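# Chains, contacts and geometry: an overview
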Amino acid sequence: MKVSVTTLPLAELDVDLLMLPLAESGLGAVQGRLAGPVAEALKRAAGDFTAKPGSTVLFYPDGARCRRVALIGLGPKKEIDGDRLRAASGTGAELAEKTGASTAAILVPQCSLDSESIGQALVEGFMLASYKFLRYKTQVNGRVPDRLVVHAKTDEKAVRRGADRARVVAEATGTARDLVNTSPHHKTPRSLAKAVERLGRKHGFDVSVWDKSLIEDEKMGGLLAVNRGSPEPPVFIEMIWQPDSAARARPVVLVGKGIVFDTGGLSLKGTKDSMDHMKADMAGAAAVVGAMEAMARLSVPLYIIGLVPATDNRPGGNAYVPGDVLTMHSGKTVEVLNTDAEGRLILADALSYAKLYRPDLVIDLATLTGAQVVALGSEVAALMANDRAAEHATAMEAAGRRSGDLVHRMPMYSHYGDALKSDVADIKNVGGREAGSITAAKFLEHFVDYPWLHVDMAGPAFLKTEKPYRPKGGTGFGVRLLVDFLRGYAWPKYR
Ligand code: BES
Ligand code: MN
Ligand code: ZN
């Protein structure tokens with residue numbers, strides 16, 4: 001999609017759809033800036049407009065430069081935040097699609113946010129809502145808009161900075177969505193690795209892929225055990241973004257759960273509402289890949305490593321079984337009591353391997369537990385931190401509020417770890433029914449010795465019913481969160 005910023009008078013914009021996001025009592029100000037046919041038609045349409053969030057009025061001014069005009073409600077001015085703006089421009093994108101508009105313009109509304117954030121939110125909302133996954137459609141009806149003009153009355157440069165960044169971030173989010181939405185049999189660990197190599201070449205980050213024999217040499221006992229039931233070998237993907245400008249010598253390491261399909265293994269899942277969307281069990285990996293793409297394209301001056309352990313989890317003849325005791329990469333032993341608690345096993349090996357980098361901070365993202373969905377639903381991920389990362393956790397929550405990828409902090413009191421005591425090994429891989437996402441995090445904590453954040457995004461990674469600017473399927477959750485957080489980490493001033 002082409003995105004530009006203009007200061008031309010509103011009435012001169014030659015587009016299929018002019019979108020006017022307006023706060024309650026915001027009509028007056030815009031009426032003054034419009035003249036001629038649009039102003040005339042607006043007078044007649046205004047009576048139908050409530051400005052409630054999500055409400056719209058569409059009208060067709062006679063003899064104007066623009067073909068259609070949409071009034072889009074933002075609600076009370078003091079309530080307007082980034083997400084309200086993303087939702088409003090997302091609504092505009094839906095209208096554009098419904099009416100077959102291929103070019104659209106959007107007005108920068110008046111609110112308390114800075115111009116750069118407004119530009120970013122408007123473009124993100126529009127592009128994210130226009131996303132379509134068409135790889136398996138043999139027939140495509142209709143078209144999506146391909147050009148967006150952002151109309152800024154003042155502060156054009158700041159609006160453009162936000163809009164340019166939004167385009168990169170929305171495309172990187174699209175990359176993550178594409179990876180999640182890809183059919184399981186097109187998404188073996190090796191083909192996922194190939195896709196990441198392609199993205200690295202295209203966007204300028206380095207990628208190296210370990211095959212099974214290297215994984216065996218590294219003694220990644222968790223990844224190898226989960227892979228045992230699969231006809232496809234595992235891979236371990238390493239991504240590197242190390243610009244000369246990097247302010248710190250030590251990296252931030254991002255780790256993404258790359259279970260390309262989770263059947264549960266021998267502890268088999270039911271199909272409906274459980275196994276049926278487990279192609280999304282690599283959404284953590286997808287978020288890391290999308291974030292690497294965005295970091296490279298935005299030239300963020302930070303040394304960043306991305307790690308993705310990838311395999312599927314299947315009940316093959318050689319599959320690992322409940323009762324198996326594994327020796328992990330770190331040397332710790334784990335008693336497996338449920339083969340469906342596989343994510344923590346592959347993550348543990350990657351987290352343990354990450355120590356080699358002597359990282360400043362490690363952040364893992366994973367569709368780890370059904371308990372996360374029960375606790376927080378499908379719009380908010382769970383955030384856990386060890387003591388050394390307490391400040392980073394606060395910054396991550398703030399990044400969530402700004403970016404719209406919301407995270408909520410969960411407690412990590414030491415007694416939660418008691419649930420993992422094993423009779424035969426150092427720990428077992430399942431806690432119990434209580435506090436399932438916290439005990440999963442407690443499991444991972446055994447494998448870290450650095451400041452560490454854990455994002456359990458089982459709910460928000462994949463939607464069965466659409467939400468504002470997020471169609472059904474993979475959401476790309478985590479990309480916007482990581483980009484916002486890591487930019488703040490690189491430039492503390494920006495926070
Ligand atoms: N991939 C699942 C978690 C999941 C559930 C992701 C729902 C997305 C939506 C994970 O591997 C899993 O199966 N977790 C088990 C752990 C349990 C056996 C301790 C779960 O949450 O049921
Ligand atoms: Mn599982
Ligand atoms: Zn899983």
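Before any of the text, the structure's been laid out above.
To start, this report covers the structure provided alongside it. (Residues numbered from 1 in each chain as written. Chains lettered and ligands numbered in written order. Predicted model: local features only at pLDDT ≥ 70, side-chain atom pairs only at ≥ 80, totals over all residues. Heavy atoms only, no water.)

Next up on the list: the coordination of the zinc ion (ligand 3). In an ideal octahedron of six donors the angles at the metal are 90 or 180 degrees, and in an ideal tetrahedron of four donors they are 109.5 degrees. Surrounding the zinc ion (ligand 3) are the protein donor atoms Lys257 (NZ), Asp262 (OD), Asp281 (OD) and Glu342 (OE), at 2.0 to 2.4 Å. Between the six donor atoms coordinating the zinc ion (ligand 3), the angles at the centre fall across 78 to 175 degrees, so the site counts as octahedral. Donor residues for the zinc ion (ligand 3), ordered by position in the chain, follow K-x4-D-x18-D-x60-E. A separation of 3.1 Å is found between the zinc ion (ligand 3) and the manganese ion (ligand 2), which share Asp262 as a coordinating residue. Remark: Asp281 occurs in the loop between β10 (258–262) and α9 (283–297) and Asp262 occurs in strand β10; sequence separation between them is 19 residues. Judged by its relative accessible area of 3%, Asp262 falls in the buried class. (Donors = N, O, S within 2.8 Å, 3.2 Å for Na, K, Ca; no water. Tetrahedral: all angles 85-135°; square planar, octahedral: opposite > 155°, others 65-115°. Helix = DSSP H or I, 4+ residues; strand = E, 2+ residues; numbered from the N terminus. Buried < 20%, exposed > 50% of the residue type's maximum accessible area, 1.4 Å probe, protein only.)

Turning to the site of ligand 1, a few remarks are in order. Around ligand 1, the surrounding shell holds 16 residues, and the nearest of these are Lys269, Asp281, Asp340, Glu342 and Gly370. One of the side-chain nitrogen or oxygen atoms of Glu342 is found 2.8 Å away from an oxygen atom of ligand 1. Grouping the amino acids of the shell around ligand 1 by side-chain chemistry returns four nonpolar, five polar and seven charged. (Near = heavy atom within 4 Å. Polar contact = N/O pair within 3.5 Å; in protein donor to acceptor, adjacent residues only side chain to side chain. Nonpolar A, V, L, I, M, F, W, Y, C, P; charged D, E, K, R; others polar.)

On to the sheet that holds strand β13 (residues 333–335), then. Note: strands within a sheet are paired through backbone hydrogen bonds, in either parallel or antiparallel orientation. Within the open sheet, the three strands sit side by side as β12-β13-β17. Their pairing is mixed. Edge positions in the sheet fall to β12 (325–327) and β17 (427–428), since each has one partner strand and no second. Inspection of the sheet shows β13 paired to β17 by two bridges, in the parallel sense. Along β17, the bridge assignment pairs Val334 with Ile427. (Pairing = 2+ DSSP bridges.)

A few words on unusual backbone geometry. The backbone of Ala51 sits at a positive phi, close to 70 degrees, despite the residue not being glycine. On the secondary structure map, Ala51 appears in the loop between α2 (36–45) and β3 (56–59). Of note in this structure, Tyr469 is not a glycine but carries a positive phi near 50 degrees. Checked against the element boundaries, Tyr469 lands in the loop between β19 (462–463) and β20 (473–474).

Our next topic: the packing of helix α5 (residues 156–181) against α9. Between α5 and α9, the least distance of the axes is 8 Å, while the angle of their chain directions is 150 degrees. Taken together, the axes of α5 and α9 lie roughly antiparallel to each other. Viewed along their axes, α5 and α9 form a crossing whose handedness is right-handed. In contact with Arg167, Val168, Glu171, Ala172, Thr175, Ala176, Leu179 and Val180 of α5, α9 contributes Ala283, Ala286, Ala287, Val289, Gly290, Glu293, Ala294 and Arg297. In the contact of α5 with α9, the residues fall into 10 nonpolar, two polar and four charged. (Axes fitted to C-alpha atoms, helices over the stretch in contact; angles between N-to-C directions. Parallel < 35°, antiparallel > 145°, perpendicular 65-115°, else oblique. Left-handed = near helix turned anticlockwise from the far one by under 90°. Contact = heavy atoms within 4.5 Å.)

The coordination sphere of the manganese ion (ligand 2) contains the protein donors Asp262 (OD), Asp340 (O), Asp340 (OD) and Glu342 (OE), at a distance range of 2.0 to 2.2 Å. If you look at the manganese ion (ligand 2), its six donor atoms make angles of 70 to 168 degrees with each other, and the shape they trace is irregular. When the donor residues of the manganese ion (ligand 2) are listed from N- to C-terminus, their spacing reads D-x77-D-x1-E.

We now examine the pairing of strand β2 (residues 17–22). Along β2, six of the six residues are buried, which leaves the element largely enclosed by surrounding structure. Burial along β2 is two-sided: the face carrying Leu17, Met19 and Pro21 and the face carrying Leu18, Leu20 and Leu22 are both buried. When β2 meets strand β4 (residues 68–73), the two strands line up parallel, connected through six bridges. Along β4, the bridge assignment pairs Pro21 with Ile72.

Going through the model one piece at a time under the given rule, you end up with seven aromatic pairs. Judged by centre distance (5.9 Å) and plane angle (90 degrees), the ring pair of Tyr353 and Tyr357 falls under edge-to-face. Neither Tyr353 nor Tyr357 differs from the other in exposure class; each is buried. By way of ring pairs, the aromatic residues Trp210, Phe236, Tyr353 and Tyr357 are connected into one cluster. The ring of Phe447 carries the charged tip of Lys332 above its face, separated from the ring centre by 5.9 Å. In this arrangement the basic side chain of Arg470 is found over the ring face of Tyr469, its NZ or CZ atom lying 4.7 Å from the centre. (Phe/Tyr/Trp six-rings, centres within 6.5 Å; stacked < 30°, edge-to-face > 60°. Lys NZ or Arg CZ within 6 Å of the ring centre and 35° of its normal.)

Along the polypeptide, Pro184 turns up in the loop between α5 and α6 (189–203). A relative accessible area of 32% places Pro184 in the partly exposed class. Taking C-alpha positions, Pro184 is 19 Å from Pro471, a pair spaced 287 residues apart along the chain. What Pro184 contacts, discounting residues up to four positions off in sequence, is Phe261 and Lys279.

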